[in-house]
Amino acid sequence: MEHLTFYLPMDRSKLCGCKGVRTCFVCEKEFNLTPTVNPESLKKLSNASYCSYCNLLWSGWNAYEYKNHPNHTGTSYYLDGIFIEHEFITEEEETMLIKNLDAMPWDVSQSGRRKQNFGPKCNFKKRRLSMGNFNGFPLSTKFVQDRFDQIPIMKNYFTIEQCSLEYRPEIGASIDPHVDDCWIWGERIITLSLQSDTVLTLTPHNIKYSNQYNIDYIPNVECLPIPVNNVNYPIDVVRILMPRRSLLVLYGTPRYLWEHCILREDIHERRLCIAYREFTPPYLKGGEKYTESCDILQKAKCFW
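Residues numbered from 1 in each chain as written. Predicted model: local features only at pLDDT ≥ 70, side-chain atom pairs only at ≥ 80, totals over all residues. Heavy atoms only, no water.

Draft legend 1. Region of interest: the packing of aromatic side chains. Throughout the structure, instances matching the rule amount to eleven aromatic pairs. Ring geometry for Tyr 53 against Tyr 66: centres 5.8 Å apart, planes inclined by 50 degrees, an arrangement best described as tilted. Of the two residues, Tyr 53 is situated in the loop between strand 1 (47–51) and strand 2 (56–59) and Tyr 66 in the loop between strand 2 and strand 3 (76–77); the sequence distance between them amounts to 13 residues. For Tyr 66, a relative accessible area of 10% gives the class buried. Stacked on the ring of Phe 303, the Lys or Arg Lys 142 has its end atom at 5.6 Å from the ring centre. Lying over the aromatic face of Trp 61, Arg 239 brings its terminal NZ or CZ to 4.0 Å of the ring centre. (Phe/Tyr/Trp six-rings, centres within 6.5 Å; stacked < 30°, edge-to-face > 60°. Helix = DSSP H or I, 4+ residues; strand = E, 2+ residues; numbered from the N terminus. Buried < 20%, exposed > 50% of the residue type's maximum accessible area, 1.4 Å probe, protein only. Lys NZ or Arg CZ within 6 Å of the ring centre and 35° of its normal.)

Draft legend 2. Inspection of the pairing of strand 14 (residues 247–250) at higher detail. Where burial is concerned, the two faces of strand 14 agree: the one with Leu 247 and Val 249 and the one with Leu 248 and Leu 250 are both buried. Alignment of strand 11 (residues 189–194) against strand 14, held across four bridges, turns out to be antiparallel. The partner of Leu 192 across the bridge, within strand 14, is Leu 247. (Pairing = 2+ DSSP bridges.)

Draft legend 3. Main features of the sheet that holds strand 3. Taken in spatial order, the seven strands line up as 3-2-1-13-12-15-10 in an open sheet, and their pairing is mixed. Edge positions in the sheet fall to strand 3 and strand 10 (175–178), since each of these pairs with one other strand and no more. Direction of pairing for strand 10 relative to strand 15 (residues 258–262): antiparallel, over a ladder of two bridges. Bridging from a neighbouring strand, Ile 175 pairs with Ile 262 of strand 15.

Draft legend 4. How the structure looks around the layout of surface pockets. If you add up the space inside the second largest pocket, you get close to 200 Å³. For the second largest pocket, the full set of lining residues is Asn 156, Phe 158, Glu 278, Phe 279, Leu 284, Lys 285, Tyr 290, Leu 297, Gln 298 and Lys 301. Residue composition of the lining of the second largest pocket, grouped by class: five nonpolar, two polar and three charged. (1 Å grid on protein atoms, 1.4 Å probe; cavity = no way out; pocket = protein on both sides within 12 Å on 5 of 7 lines; lining within 4 Å. Points joined across faces, edges and corners; volume = space filled by probe spheres on them. Nonpolar A, V, L, I, M, F, W, Y, C, P; charged D, E, K, R; others polar.)

Draft legend 5. Structural view of unusual backbone geometry. The peptide bond linking His 69 to Pro 70 adopts the cis configuration, its omega dihedral lying at 5 degrees. Position of Pro 70 among the secondary structure elements: in the loop between strand 2 and strand 3. Look at Asn 156: it is not a glycine, yet its phi comes out positive at around 65 degrees. Within the element layout of this structure, Asn 156 appears in the loop between helix 5 (142–147) and strand 9 (161–167). Looking at Asn 156, the relative accessible area reads 65%, which means it is exposed.

This is how it looks when you write it as structure tokens:
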């Protein structure tokens, strides 16, 4: 299998949009590929699920453990850096939001997804930032950003990138384990879930090569990867249920020291989400890179 993969075209955009090791049902069937993530191997590890009501992890794979609150059983663990606001938007707002998103074009993306991206152009390898074709955000989504101020942990959050993502089970949509880039994207990683529930799965970030994900830009010293390349934590896999209409905030240790992914088996019906990103401090007002980002910050105030 490894020999076959080596000779495959790395960019399968004309077929399905997958690149490198990422796959979906389409290219797996065409090239006899195997997905890079094996959920069964994760289930054999020490795992726990997050309860958003008591802010604790409870041993076990079942991400719906929060429904047992307050009558949890088993062992609990604490992991700071996870916040969920249930019912962040109403059913009526969700319906209208989905309708407006679907009225705009979708672009093909990797791992069987489709996307709508609104934000500046970022070259993560060369660490270069430019306006690109960024022209602000859809007016129909403005109320979501306006509501961020209601959550204390979102204080002073200023959206720079807004990305709509679609997951469909019939295509085998998923997203491989990764850490969001640390050079340009700030500490708070935001996801609004729409149309169906799904699960975010966290696994320790075992560094594969020097400065993977631009981790040398991590501003929080407490979250710098430790020499043994893992989180030195009693749990190997963290399962976080993201109910529809909920807002998830990852920050601190879960944002930097754990990779996050969405497993194919956790997509049971069409699921949409809107992901939000903020700049790192150097690109905000007063930062040493502000001259490179000031025009982008102004454009991010626009809604059309």
